[in-house]
Amino acid sequence: MNSSGEQDAGQGPLTRRRFLQVLGTVGGAGAVLATMEALNLVPSARDHTTPFQPPRASDFALQGRVNNTTVLVLGAGIAGLCVAYELEKAGYRCEVLEARDRPGGRCWTVRGGTRETDLDGVAQTAQFAYGQYMNAGPARIPQHHTTLDYCRELGVAIEPFANENADAYYYNESAQGFDGPLVDRRLRRRVARADYLGYVSELLTKAIDQHALDASVGAADQEALLEFLTSFGALNQQGRYVGSDRRGYVTPPGAANLSGVVGKPYTLSDLLAANFGVYFPFELGWDQAMMMFQPVGGMDRIPHALAAALRGTIRYGAQVQQITVADDRVEVIFTGPDGGSLKVGADYCACTIPPNLLALIPGNLPADVTSALSSVVPMSTGKMGLQFRRRFWEEDERIFGGITDTNLDIGTIWYPSYGYLGEKGVLIGYYNYFEQSDEYAALPPEQRERRALDQGAKVHGEVYKEEFENSFSVHWTKIRHSEGGWALWEDRATSPVYKALLEPVGRLYFAGDHLSYVTAWQHGAFESARHVVTALHQRVLTESGR
Ligand code: PHE
């Protein structure tokens, strides 16, 4: 160290740049980046994700130990697979029990030939054409979710998922809170958004001009705000909104003398009456804003990749019948696919069985834990995939991906973000929640289908029925081994139930998206799994004399 606090690295004083160069030759690009992050020179991925250190075999080697800890994982959904995958990195011996005959849990991609019999005995076999699919559970991944880190690590190819499309529609049918001349008809999203923005900007401009904001906005800021509002709302020189090409054309511009004709804006009053504004905030959300992604070929590529990466076994068709937490072990009795009953045990257990179902499994979990589990409310939600002979939404309506919002009982219509310009296509004909999901769930699939087609035809017209080929519907409250879409928490911060389930029972840990603040996302399952992995690994490392 010299007097100015810089070390002589052999080639002159250690400037910041020189320091990074030296570090680069020793620690590689990763070290440089990490250091630059520490110096605040580049934005950190940590702004978006929770730090996690995967367990390493060297963690044990450093202590002169060999890790022969066994872990039983209950459930091969995202959380269970992640626990096993991460623990195996440090030599844990994991065995996974899965009730279904596939990995993924709610991360489920339905393709032609997929069969499912729900709790009511309603059996369906998907008739989708080759290459067509629906993601019945998770279907969109925001950029900041850990899910994408696993896609990278496991080599799962991803592609954009269009969560937002200016040319998809809003459709509100007349109902309480939805009326005026703009209901019972579809409107391109860009039209409604341009008009709302235009009018709101115009009104604020007027308020500033009339000195209504003088008390809250200084003179210089008023100037800046006016300038902003003019561009934000596409206002004219007079600060009025008279429409713009943002809302699209009545006659599109083209060659030679075709200058294009822009449509006239709707009135603010009509727009407000139709209440399209209820949809605007959604796609600004932390988890819903573009870019968003999906694995190429179906969401289940993720659990299949995780399952393939495991060294330990996954026993499919294994239904847990009893869980016993002993002092230094956890033991589980399950029935296998042949109906025979087997007992397995391990040093530790990570249990990802949905709380509503786990509460019903006999064993020796403390009564307060069982009652906490049984009080978690499962969400009712359902989706229907509709296959069409022809991608009329692309061919006739120029909608390539994205989502139409409606106030109909179908909720939304999702246009596929794959297979563009292809022949057939599967769109999501409904994605609904609560009572609307329950209503559809109560119908036999043919009636769900008819109702979804009637509703969708309100948006797309008769073509919706003419080009329709087949459907497959999933209502999660009726799906065996899930019996719910996700957990509904009121307030996790104050919930004693939530708090209780974050604690292990002896050597049994609970994991799943329900034990995160990111419920209803694979991210929540990954994050919860990592949390348990960290806790379990720390505990094993600090255990003495093993
Ligand atoms: N992640 C699910 C989805 O994007 C459920 C969800 C919906 C979660 C809306 C938050 C907000 O559809």
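Fair warning: this is a prediction, and the values are worked out from it, not measured in the lab.

Conventions and cut-offs
Residues numbered from 1 in each chain as written. Predicted model: local features only at pLDDT ≥ 70, side-chain atom pairs only at ≥ 80, totals over all residues. Heavy atoms only, no water. Pairing = 2+ DSSP bridges. Helix = DSSP H or I, 4+ residues; strand = E, 2+ residues; numbered from the N terminus. Patch = residues over 30% accessible without salt bridge, like charges linked within 9 Å, V, L, I, M, F, W, Y side chains within 5 Å. Areas by Shrake-Rupley, 256 points an atom, 1.4 Å probe, with all protein chains shown as cover. Salt bridge = Lys/Arg side-chain N within 4 Å of Asp/Glu carboxyl O. Buried < 20%, exposed > 50% of the residue type's maximum accessible area, 1.4 Å probe, protein only. Phe/Tyr/Trp six-rings, centres within 6.5 Å; stacked < 30°, edge-to-face > 60°. Contact = heavy atoms within 4.5 Å. Near = heavy atom within 4 Å. Polar contact = N/O pair within 3.5 Å; in protein donor to acceptor, adjacent residues only side chain to side chain. Nonpolar A, V, L, I, M, F, W, Y, C, P; charged D, E, K, R; others polar. 1 Å grid on protein atoms, 1.4 Å probe; cavity = no way out; pocket = protein on both sides within 12 Å on 5 of 7 lines; lining within 4 Å. Points joined across faces, edges and corners; volume = space filled by probe spheres on them. Axes fitted to C-alpha atoms, helices over the stretch in contact; angles between N-to-C directions.

Enquirer: Hey, could you run me through the pairing of strand 17 (residues 341–346) in this one?
Expert: Both faces of the sheet carry side chains from a regular strand, because those side chains alternate between them. Direction of pairing for strand 16 (residues 330–335) relative to strand 17: antiparallel, over a ladder of six bridges. Following the sheet pairing, E331 is matched in strand 17 by G345. With antiparallel pairing between neighbouring strands as the criterion, strand 16 and strand 17 make up a hairpin whose turn holds five residues, including G339 at a positive phi of roughly 90°.

Enquirer: Just to check I follow, could you spell out a nonpolar patch on the surface for this structure?
Expert: Where nonpolar side chains cluster on the molecular surface, the patch consists of V377, Y433, F434 and L488 and spans about 320 Å² of accessible area. With respect to the helices and strands, the residue L488 is situated in strand 25 (residues 487–488). The exposure class assigned to L488 is partly exposed, which follows from its relative accessible area of 31%.

Enquirer: Explain the sheet that holds strand 18 (residues 348–351) here, please?
Expert: Whether parallel or antiparallel, the strands of a sheet pair through hydrogen bonds between backbone atoms. Across the sheet, which stays open at both edges, the five strands sit in the order 14-2-1-18-26 with parallel pairing between neighbours. The open sheet terminates on both sides in strands that have one partner only, identified here as strand 14 (314–315) and strand 26 (508–510). Sheet analysis places strand 18 next to strand 26, joined by three bridges and oriented parallel. The residue of strand 26 that forms the bridge with A350 is Y509.

Enquirer: Mind showing me how you'd approach the packing of aromatic side chains here?
Expert: Within this structure, the stated rule accounts for 27 aromatic pairs. Between the aromatic rings of F228 and F232, the centroid separation amounts to 4.8 Å while the plane-to-plane angle is 25°, which identifies the pairing as stacked. Note that F228 and F232 are positioned in helix 6 (residues 219–232) at a spacing of four residues, about one turn of the helix. The class for F232 is partly exposed, based on a relative accessible area of 37%. Arranged with centres 5.8 Å apart and planes meeting at 75°, the rings of Y498 and Y517 form a pair that is edge-to-face. Pair noted here: Y498 is in helix 15 (residues 496–502) and Y517 is in the loop between strand 26 and helix 16 (522–542), with a separation of 19 residues, a long-range link.

Enquirer: Honestly, the pattern of salt bridges in this entry has me stumped. Any pointers?
Expert: For the coordinates displayed, the defined rule picks out 30 salt bridges. Of the charged contacts in the structure, one is a salt bridge between D513 and R106, with a shortest N-O distance of 2.7 Å. Taken as a pair, D513 in the loop between strand 26 and helix 16 and R106 in the loop between strand 2 (93–97) and strand 3 (109–111) lie far apart in primary sequence, 407 residues in all. Relative accessible area serves as the criterion here: at 4%, D513 is assigned to the buried category. Judged by relative accessible area, which is 29%, R106 ranks as partly exposed. The salt bridge involving K206 is made with E202; its shortest N-O contact spans 3.1 Å. One end of the pair, K206, and the other, E202, are both in helix 5 (residues 189–209), four residues apart, so they sit about a helical turn from each other. Residue K206 is classed as partly exposed on the basis of its relative accessible area of 27%. Linked by salt bridges that have partners in common, R389, R390, E395, D396, K424, E467 and E469 make up one network.

Enquirer: In this structure, what is going on with the environment of W393? I would like to understand it.
Expert: Within the fold, W393 resides in helix 11 (residues 392–395). Take W393: its relative accessible area is 0%, and that puts it in the buried class. Each C-alpha atom, one on W393 and one on E446, is 23 Å from the other, the two residues being 53 residues apart in sequence. Leave out the neighbours within four places in its chain, and W393 touches F388, R398, I399, Y415, P416, G425 and L427.

Enquirer: What should I look at first to understand the site of the ligand in this one?
Expert: With respect to spatial proximity, the complete set of residues near the ligand consists of R140, F282, Q288, Y431, Y433, W486, A520 and W521. Q288 has a polar side-chain atom sitting 3.0 Å from an oxygen atom of the ligand. Between an oxygen atom of the ligand and a side-chain N or O atom of Y431, the distance comes to 2.7 Å. Calculation on the ligand without its partners gives an accessible area of 310 Å², and the protein chains cover 74% of this total. Of the residues assigned to the shell around the ligand, the class counts are six nonpolar, one polar and one charged.

Enquirer: Quick question: what am I supposed to make of the environment of W486 here?
Expert: Along the polypeptide, W486 turns up in the loop between strand 24 (468–475) and strand 25. Between the alpha carbons of W486 and D245 there is a distance of 42 Å; along the sequence they are 241 residues apart. In contact with W486, other than residues within four places in its own chain, are R106, V377, P378, M379, T381, Y431, Y433, D513, T519 and A520.

Enquirer: Looking at this model, I keep getting lost on the layout of surface pockets. Mind explaining?
Expert: It is a probe the size of a water molecule, rolled over the atoms, that shows where empty space is left. By volume, the second largest pocket is sized at about 540 Å³. In this structure, the second largest pocket is lined by 20 residues; those nearest its centre are A45, R46, T49, D149 and R152. In terms of residues, the lining of the second largest pocket owes the most to one element, helix 4 (residues 146–154), which gives four residues. Counted by class, the lining of the second largest pocket contains five nonpolar, seven polar and eight charged residues.

Enquirer: Looking at this model, I keep getting lost on the sheet that holds strand 17. Mind explaining?
Expert: Here we have three strands laid out as an open sheet, ordered 15-16-17, and antiparallel in their pairing. Each edge of the sheet is formed by a strand with only one pairing partner; in this case those strands are strand 15 (319–325) and strand 17. The average angle at which neighbouring strand axes cross in this sheet is 20°, direction not considered. With six bridges connecting them, strand 15 and strand 16 associate as antiparallel partners. Along strand 16, the bridge assignment pairs I323 with V332.

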